[in-house]
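Listed below are the residues making up each chain.
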Amino acid sequence: MTTANKLQRILDTKDDLKAEIDEFLDEVEGFPMPIGLPFKDYASWLAYARGGDAPRTAVSVLFVNGEDGAWPEDLAEVFTDTAGTVPANITQSIARVNALGRDTIQSNAALRPKLGAAPVEVRNLLNDSDNLYAYTTLNSPIVTANAAQNPFGTANDATLFEVNAGQTEFSIRSIGLIEIGQSRTGSIYFKPVSVANNARLGFGNAERTTQASVAFPDLVPNTAQTQGLADLSVAAQPVGNEGWFRLSSAQTRTALTTSEVRVRLSSAQAGDQILLWRAQHERGLAMTAPQKVASSLDITEQGFPSPRFIRFDLSDDVLPTNFPNGFTGDVMVFGRKGSWIERDVAIAAGGDLNIGPQTFTGAPAGVLNALGDIVGWTAVERSLDEDEIARAVAYHRQKGAKGLLAEGPELVANGDFSDGATGWALGAGWTISGGVATFNGTQNVSILEQQLLLSINEFYLFRFNHIVNLGSFLWGFNFGTAPFRNVVGTASASGVIRKTDSRETAIRIASENNGNIKEFTIDNVSVRRLIPQEELA
Amino acid sequence: MNYSAVLIIPADLKPQADAVGEGMGWGPESYTIPLSHDEGETVTHFALRADVDAQFIRWIRGQDPLPDTSAEPILGALIADFSPDPDDDEKPILWGRAHLDAVLAEHGFVTI
């Protein structure tokens, strides 16, 4: 090969490489290389950019310079004893969580949360999908638990139901609920052992006869359309071992009441027998792969991991992490309904970072209510940049967390009182002047109120500046009729609450002097909906 | 089987109640939820919520003799609620905060 040819080959190769590099950079644009990846591990970078797993280093790198803090990686080391010798099983109480950094220990057995596990996406809404023998029944069928193989060959796993003497049908109650306007799909596996011709197996609502069923022996579908339903459908398809089928029925509830769903074998004969296995009740009008729900703490699906989580009772459960030298830095808590970052959390030497009962150290009151079950946390003794936060969130999404909760638009009108009392209703003792609202303490209980339509079951972050507080003033902020003192206390000026009562149309700041004259001045009242990042995309 | 327990004691009995809890192996301070009765301003009671077994319920309800007689003075003032209730099938099954809130509402308490 001549020198010229060699040079030309190098140039050709260079062009190829340049094209490859350009293509690569296009793909990973917006996905900075995960810090901490082994040098030149471009394959992991590309996989991450293509939607693959965020590497472990997305979080571990936060501590690469020896920062103090804590990260209980994947909740992999969780124990029922404070010494950390007995690993906790799913559903058990947690005494200790080992972490990269500082471990968490709850020495009081009455204050311990529980360990759970569930796929990232939980679709089966039932609390118990398999123990059908434990459900309440109508017309007293003879029920034999663990009577036969399930559709996929596991021995002693299906439940046998037999129509009792003198009966022509039976029902299994509460295989889900359908709320007004909601679409739901129910499904259950069945295998007829001995069922009379023209008997029907189907799904129905509490107040009506079976609405969607298949008739034996040929499993002919029948939908008896009745008032209060839409999108009604039913189907049975063979699945698993010989003789097994999966029955599904979808419907939209248009009636004005919530309905209980039942599974019903009707037009049968006493002595008819049918095996039933794994029920599912899910949102939408499509049946999906079955998920086993042993309890709300123990959910599995074949082919998918079930990342661990911690369930606090939101009453008194708390997990403390001690910092002997104190701590100042950012704390992130990742939950299955949303995640939260609290900047510049300060803990004195020897103090604890507490997660629970309803918030974590430094965060607004009640925030754990909006985060749901907790899949992990990071405490890092420094300020995190936006890339670091995004990577940590991406990592914990793989473990079942939702993204950071973002604040929606301001919902309070004239919250800074710059337009006087416009928009506000003032109870006795309240005045608005000079851009602030003041309660003079002459009344026992008095309410400052603004009409505001908020969505039921959504979480809202409220704040106000607490300018004057003479005395141990009890005040609150509530959608209900009584002061919401339990969230706010007497010092905090922010909190997270959920609207639970559809009848309420106002936000309220309630003051109370309880017989003592106390003054109270506030400003900058704010209410914003907390929205998971996923909903903003 | 585990049951959700909500226990409420008058504030002046908190030291004794915590001591009983510690004797059971819970820890030095179990009653950590301050309450006020009838929406008052001061702390009048303390509560705890925990998971317990059937034997615990039998002790509290006097169906079995207490293993620790020092708990007897507290029992007279104790408000205890269990879910599910082994002696009442009709009561709704609640856990965690929902259980605590239901018991507080039933007995006229608010958290402080």
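You'll find the structure just up there.
Rules of the game
- Residues numbered from 1 in each chain as written.
- Chains lettered and ligands numbered in written order.
- Predicted model: local features only at pLDDT ≥ 70, side-chain atom pairs only at ≥ 80, totals over all residues.
- Heavy atoms only, no water.
- Phe/Tyr/Trp six-rings, centres within 6.5 Å; stacked < 30°, edge-to-face > 60°.
- Helix = DSSP H or I, 4+ residues; strand = E, 2+ residues; numbered from the N terminus.
- Buried < 20%, exposed > 50% of the residue type's maximum accessible area, 1.4 Å probe, protein only.
- Lys NZ or Arg CZ within 6 Å of the ring centre and 35° of its normal.
- Salt bridge = Lys/Arg side-chain N within 4 Å of Asp/Glu carboxyl O.

Colleague: I keep staring at the packing of aromatic side chains and nothing clicks. Help me out?
Modeller: The geometry of an aromatic ring pair comes down to the distance between the two centres and the angle between the two planes. In the structure shown here, the tally under the stated rule is twelve aromatic pairs over all chains. Seen in terms of ring centroids, Trp71(A) and Tyr395(A) are 5.6 Å apart; in terms of plane orientation they differ by 75°. Their pairing is edge-to-face. A residue pair is termed long-range when its members are at least 10 positions apart, and Trp71(A) in strand S1 (residues 69–71) and Tyr395(A) in helix H5 (residues 386–397) qualify at 324 residues. Side by side, Trp71(A) and Tyr395(A) carry an identical accessibility label, which is buried. Taking 5.5 Å as the distance between ring centres and 40° as the angle between the ring planes, the aromatic pair formed by Trp430(A) and Phe439(A) counts as tilted. With respect to burial, Trp430(A) and Phe439(A) carry one shared label: buried. Three or more aromatic residues link up through ring pairs in this structure, and these residues are Phe152(A), Tyr189(A) and Trp277(A). Stacked on the ring of Phe46(B), the Lys or Arg Lys14(B) has its end atom at 4.9 Å from the ring centre.

Colleague: How should I be thinking about the pattern of salt bridges in this particular structure?
Modeller: Pairing of side chains with opposite charge becomes possible as their charged atoms draw close. For the coordinates displayed, the defined rule picks out 32 salt bridges over all chains. Across the pair Arg382(A) and Glu67(A) runs a salt bridge whose closest N-O atoms are separated by 2.7 Å. You can see Arg382(A) sitting in the loop between strand S27 (374–380) and H5 and its partner Glu67(A) sitting in the loop between helix H3 (57–60) and S1, a full 315 residues away along the chain. On the basis of relative accessible area, Arg382(A) is assigned to the partly exposed category, the value being 24%. Between Arg343(A) and Asp330(A) there is a salt bridge, with the nearest N and O atoms lying 2.7 Å from each other. Note that Arg343(A) is positioned in strand S25 (residues 339–347) and Asp330(A) in strand S24 (residues 327–335), a separation of 13 residues in sequence. With relative accessibility at 0%, the residue Asp330(A) sits in the buried group. Bridged by salt links that share partners, the residues Arg61(B), Asp81(B), Asp85(B), Asp87(B) and Lys91(B) form one connected network.

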